[in-house]
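# Examination of the molecular architecture
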Amino acid sequence: MHDAIIINGLTSDYQQRARFEKKLYLLYQYFIQEGCRKYRLTYEDSFSAYSDAVLSAIHNILNGRFDNTFSLKTYLFQIFHNKCVDIIRKISNNKQRVNQSAITPELLGHLPETTKNIIEKLIDQERISVIMKYLESIGEKCKEILMLFEDGYSDRDIADKLAYNNAAVAKTTRLRCREKIKNLFTSHE
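To start, this report covers the structure provided alongside it. (Residues numbered from 1 in each chain as written. Predicted model: local features only at pLDDT ≥ 70, side-chain atom pairs only at ≥ 80, totals over all residues. Heavy atoms only, no water.)

### Regarding the pattern of salt bridges
- For the structure shown, the criterion picks out 10 salt bridges.
- The salt bridge involving aspartate 52 is made with arginine 176; its shortest N-O contact spans 2.4 Å. Highlighted residues: aspartate 52 in helix H4 (residues 43–62) and arginine 176 in helix H10 (residues 167–188), separated in sequence by 124 residues.
- Take aspartate 52: its relative accessible area is 19%, and that puts it in the buried class.
- With a shortest N-O distance of 3.4 Å, arginine 156 and aspartate 160 are connected by a salt bridge. Here arginine 156 and its partner aspartate 160 are both found in helix H9 (residues 155–162), four residues apart, which amounts to about one turn of the helix.
- One network of salt bridges, with partners in common, ties together Lys90, Glu179 and Lys182. (Salt bridge = Lys/Arg side-chain N within 4 Å of Asp/Glu carboxyl O. Helix = DSSP H or I, 4+ residues; strand = E, 2+ residues; numbered from the N terminus. Buried < 20%, exposed > 50% of the residue type's maximum accessible area, 1.4 Å probe, protein only.)

### Some details on the nonpolar core
- Judged by nonpolar contacts, the single largest core of 28 residues is most densely connected at Leu10, Leu24, Tyr50, Val54, Leu76 and Phe80.
- Only helix H1 (3–10), helix H2 (14–27), helix H3 (31–38), H4 and helix H5 (72–100) provide two or more residues apiece to this core.
- Ignoring anything within four residues of it in the chain, the contact list for tyrosine 50 reads Leu24, Tyr25, Tyr28, Gln29, Phe31, Ile32, Leu76 and Phe80.
- Counting 15 residues, the second largest nonpolar core, distinct from the first, contains Cys142, Leu148, Ile158 and Ile181. (Core = buried A, V, L, I, M, F, W, Y, C linked by side-chain atoms within 4.5 Å. Contact = heavy atoms within 4.5 Å.)

### Focus: the state of the cysteines
- With the rule as written, the count across this model stands at one disulfide.
- Each disulfide pairs two cysteine sulfurs, and for cysteine 142 the partner residue is cysteine 177, the sulfurs being separated by 2.1 Å. Classification of the bridge connecting cysteine 142 and cysteine 177 rests on its S-S torsion, roughly -70°, and on that basis the disulfide is left-handed. Here cysteine 142, found in helix H8 (residues 140–150), pairs with cysteine 177, found in helix H10; they are 35 residues apart in sequence, far enough to count as distant.
- In this structure cysteine 142 comes out as buried when scored by relative accessible area, which is 8%.
- Of all cysteine sulfurs in the structure, the one in cysteine 84 sits closest to cysteine 36, which takes part in no disulfide; the separation is 8.7 Å. (Disulfide = S-S within 2.5 Å.)

This is the structure in C-alpha coordinates:
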(Lines give C-alpha, C1' and ligand atoms only; values in the text may rest on other atoms or scores of the structure.)
Protein backbone atom coordinates (compact mmCIF):
# COMPACT_ATOMS: atom_id res chain seq x y z
CA MET A 1 0.00 0.00 0.00
CA HIS A 2 1.38 3.42 -0.93
CA ASP A 3 2.52 5.70 1.91
CA ALA A 4 0.42 8.64 0.73
CA ILE A 5 -2.78 6.56 0.90
CA ILE A 6 -2.02 5.51 4.49
CA ILE A 7 -1.10 9.05 5.55
CA ASN A 8 -4.25 10.49 3.97
CA GLY A 9 -6.33 7.79 5.67
CA LEU A 10 -4.72 8.53 9.05
CA THR A 11 -5.50 12.22 8.73
CA SER A 12 -9.14 11.63 7.72
CA ASP A 13 -12.23 11.44 9.91
CA TYR A 14 -12.30 9.17 12.97
CA GLN A 15 -13.83 6.12 11.28
CA GLN A 16 -11.44 6.28 8.33
CA ARG A 17 -8.51 6.92 10.65
CA ALA A 18 -9.29 3.85 12.78
CA ARG A 19 -9.37 1.72 9.65
CA PHE A 20 -6.00 3.01 8.45
CA GLU A 21 -4.43 2.69 11.89
CA LYS A 22 -5.28 -1.00 11.73
CA LYS A 23 -3.93 -1.27 8.16
CA LEU A 24 -0.67 0.37 9.17
CA TYR A 25 -0.38 -1.92 12.18
CA LEU A 26 -1.01 -5.07 10.11
CA LEU A 27 1.21 -3.97 7.21
CA TYR A 28 4.43 -4.11 9.22
CA GLN A 29 3.55 -6.43 12.09
CA TYR A 30 6.30 -8.77 10.94
CA PHE A 31 8.62 -6.32 12.72
CA ILE A 32 7.56 -8.11 15.92
CA GLN A 33 9.30 -11.32 14.79
CA GLU A 34 12.23 -9.22 13.64
CA GLY A 35 12.51 -7.78 17.15
CA CYS A 36 12.57 -11.29 18.61
CA ARG A 37 15.23 -12.43 16.17
CA LYS A 38 17.42 -9.35 15.75
CA TYR A 39 17.26 -7.92 19.28
CA ARG A 40 16.62 -11.22 21.11
CA LEU A 41 13.55 -9.81 22.81
CA THR A 42 10.68 -11.89 24.10
CA TYR A 43 7.60 -11.84 21.91
CA GLU A 44 5.81 -9.74 24.53
CA ASP A 45 8.60 -7.12 24.65
CA SER A 46 8.86 -7.00 20.86
CA PHE A 47 5.07 -6.70 20.59
CA SER A 48 5.12 -3.84 23.08
CA ALA A 49 7.94 -2.06 21.19
CA TYR A 50 6.07 -2.46 17.89
CA SER A 51 2.76 -1.23 19.30
CA ASP A 52 4.50 1.79 20.85
CA ALA A 53 6.30 2.47 17.55
CA VAL A 54 3.05 2.41 15.58
CA LEU A 55 1.38 4.72 18.09
CA SER A 56 4.36 7.12 17.97
CA ALA A 57 4.38 7.12 14.17
CA ILE A 58 0.65 7.82 14.03
CA HIS A 59 1.03 10.60 16.60
CA ASN A 60 3.87 12.16 14.58
CA ILE A 61 1.91 11.91 11.33
CA LEU A 62 -1.14 13.55 12.91
CA ASN A 63 1.01 16.35 14.34
CA GLY A 64 2.83 17.01 11.06
CA ARG A 65 6.20 15.68 12.23
CA PHE A 66 6.49 13.08 9.44
CA ASP A 67 8.21 14.84 6.53
CA ASN A 68 8.31 12.07 3.89
CA THR A 69 12.13 12.15 3.79
CA PHE A 70 12.04 8.40 4.35
CA SER A 71 9.43 5.82 3.45
CA LEU A 72 6.81 5.11 6.08
CA LYS A 73 8.29 1.64 6.54
CA THR A 74 11.80 3.03 7.18
CA TYR A 75 10.41 5.67 9.52
CA LEU A 76 8.39 3.13 11.48
CA PHE A 77 11.32 0.70 11.67
CA GLN A 78 13.60 3.43 13.05
CA ILE A 79 11.10 4.19 15.80
CA PHE A 80 10.72 0.44 16.43
CA HIS A 81 14.50 0.04 16.61
CA ASN A 82 14.73 2.84 19.19
CA LYS A 83 11.93 1.25 21.27
CA CYS A 84 13.74 -2.12 21.18
CA VAL A 85 17.00 -0.50 22.28
CA ASP A 86 15.13 1.19 25.16
CA ILE A 87 13.77 -2.19 26.26
CA ILE A 88 17.23 -3.79 26.05
CA ARG A 89 18.66 -1.00 28.22
CA LYS A 90 15.84 -1.39 30.72
CA ILE A 91 16.37 -5.17 30.88
CA SER A 92 20.12 -4.67 31.40
CA ASN A 93 19.52 -2.18 34.20
CA ASN A 94 17.00 -4.50 35.89
CA LYS A 95 19.43 -7.44 35.68
CA GLN A 96 22.10 -5.33 37.39
CA ARG A 97 19.65 -4.46 40.20
CA VAL A 98 18.65 -8.11 40.62
CA ASN A 99 22.28 -9.20 40.80
CA GLN A 100 22.99 -6.56 43.45
CA SER A 101 20.20 -7.82 45.71
CA ALA A 102 20.82 -11.55 45.11
CA ILE A 103 22.51 -11.95 48.48
CA THR A 104 19.19 -12.07 50.41
CA PRO A 105 18.17 -15.64 49.42
CA GLU A 106 21.71 -16.76 50.21
CA LEU A 107 21.42 -15.35 53.72
CA LEU A 108 18.02 -16.94 54.23
CA GLY A 109 19.55 -20.34 53.51
CA HIS A 110 21.61 -20.12 56.72
CA LEU A 111 18.61 -19.54 58.99
CA PRO A 112 16.63 -22.24 60.80
CA GLU A 113 13.63 -23.44 58.76
CA THR A 114 10.94 -21.87 60.99
CA THR A 115 12.68 -18.48 61.00
CA LYS A 116 13.22 -18.70 57.25
CA ASN A 117 9.49 -19.44 56.69
CA ILE A 118 8.43 -16.51 58.87
CA ILE A 119 10.75 -14.09 57.07
CA GLU A 120 9.62 -15.30 53.64
CA LYS A 121 5.98 -14.88 54.68
CA LEU A 122 6.68 -11.32 55.90
CA ILE A 123 8.45 -10.48 52.66
CA ASP A 124 5.52 -11.85 50.62
CA GLN A 125 3.00 -9.87 52.70
CA GLU A 126 5.05 -6.70 52.25
CA ARG A 127 5.22 -7.22 48.47
CA ILE A 128 1.47 -7.83 48.24
CA SER A 129 0.85 -4.69 50.28
CA VAL A 130 3.13 -2.66 48.02
CA ILE A 131 1.51 -4.06 44.85
CA MET A 132 -1.96 -3.21 46.17
CA LYS A 133 -0.80 0.31 46.99
CA TYR A 134 0.62 0.71 43.48
CA LEU A 135 -2.53 -0.69 41.90
CA GLU A 136 -4.41 2.14 43.59
CA SER A 137 -1.91 4.73 42.34
CA ILE A 138 -1.82 3.78 38.61
CA GLY A 139 -5.45 4.63 37.96
CA GLU A 140 -8.75 2.85 37.84
CA LYS A 141 -8.53 1.73 34.17
CA CYS A 142 -5.10 0.16 34.67
CA LYS A 143 -6.18 -1.47 37.90
CA GLU A 144 -9.29 -2.86 36.24
CA ILE A 145 -7.49 -4.29 33.21
CA LEU A 146 -4.76 -5.91 35.33
CA MET A 147 -7.27 -7.42 37.75
CA LEU A 148 -9.33 -8.83 34.86
CA PHE A 149 -6.24 -10.39 33.32
CA GLU A 150 -5.22 -11.82 36.69
CA ASP A 151 -8.70 -13.32 36.99
CA GLY A 152 -8.09 -15.25 33.74
CA TYR A 153 -9.78 -13.01 31.17
CA SER A 154 -8.12 -13.04 27.73
CA ASP A 155 -7.20 -9.83 25.93
CA ARG A 156 -10.19 -10.44 23.62
CA ASP A 157 -12.51 -10.73 26.66
CA ILE A 158 -11.01 -7.60 28.19
CA ALA A 159 -11.43 -5.68 24.91
CA ASP A 160 -15.09 -6.65 24.82
CA LYS A 161 -15.71 -5.96 28.50
CA LEU A 162 -13.93 -2.57 28.59
CA ALA A 163 -14.93 -1.46 25.05
CA TYR A 164 -11.45 -1.38 23.48
CA ASN A 165 -11.25 -1.47 19.67
CA ASN A 166 -9.68 -4.94 19.61
CA ALA A 167 -7.59 -7.44 21.57
CA ALA A 168 -4.32 -5.86 20.41
CA VAL A 169 -5.29 -2.50 21.94
CA ALA A 170 -6.31 -4.24 25.17
CA LYS A 171 -3.00 -6.12 25.26
CA THR A 172 -0.95 -2.98 24.63
CA THR A 173 -2.82 -1.15 27.37
CA ARG A 174 -2.41 -4.10 29.75
CA LEU A 175 1.33 -4.32 29.06
CA ARG A 176 1.75 -0.58 29.66
CA CYS A 177 -0.16 -0.86 32.94
CA ARG A 178 1.95 -3.85 33.96
CA GLU A 179 5.08 -1.85 33.11
CA LYS A 180 3.87 0.99 35.36
CA ILE A 181 3.48 -1.46 38.24
CA LYS A 182 6.88 -3.00 37.52
CA ASN A 183 8.57 0.42 37.45
CA LEU A 184 6.95 1.45 40.73
CA PHE A 185 7.90 -1.88 42.32
CA THR A 186 11.49 -1.66 41.04
CA SER A 187 11.94 1.90 42.30
CA HIS A 188 10.55 0.77 45.70
CA GLU A 189 13.24 -1.90 46.04
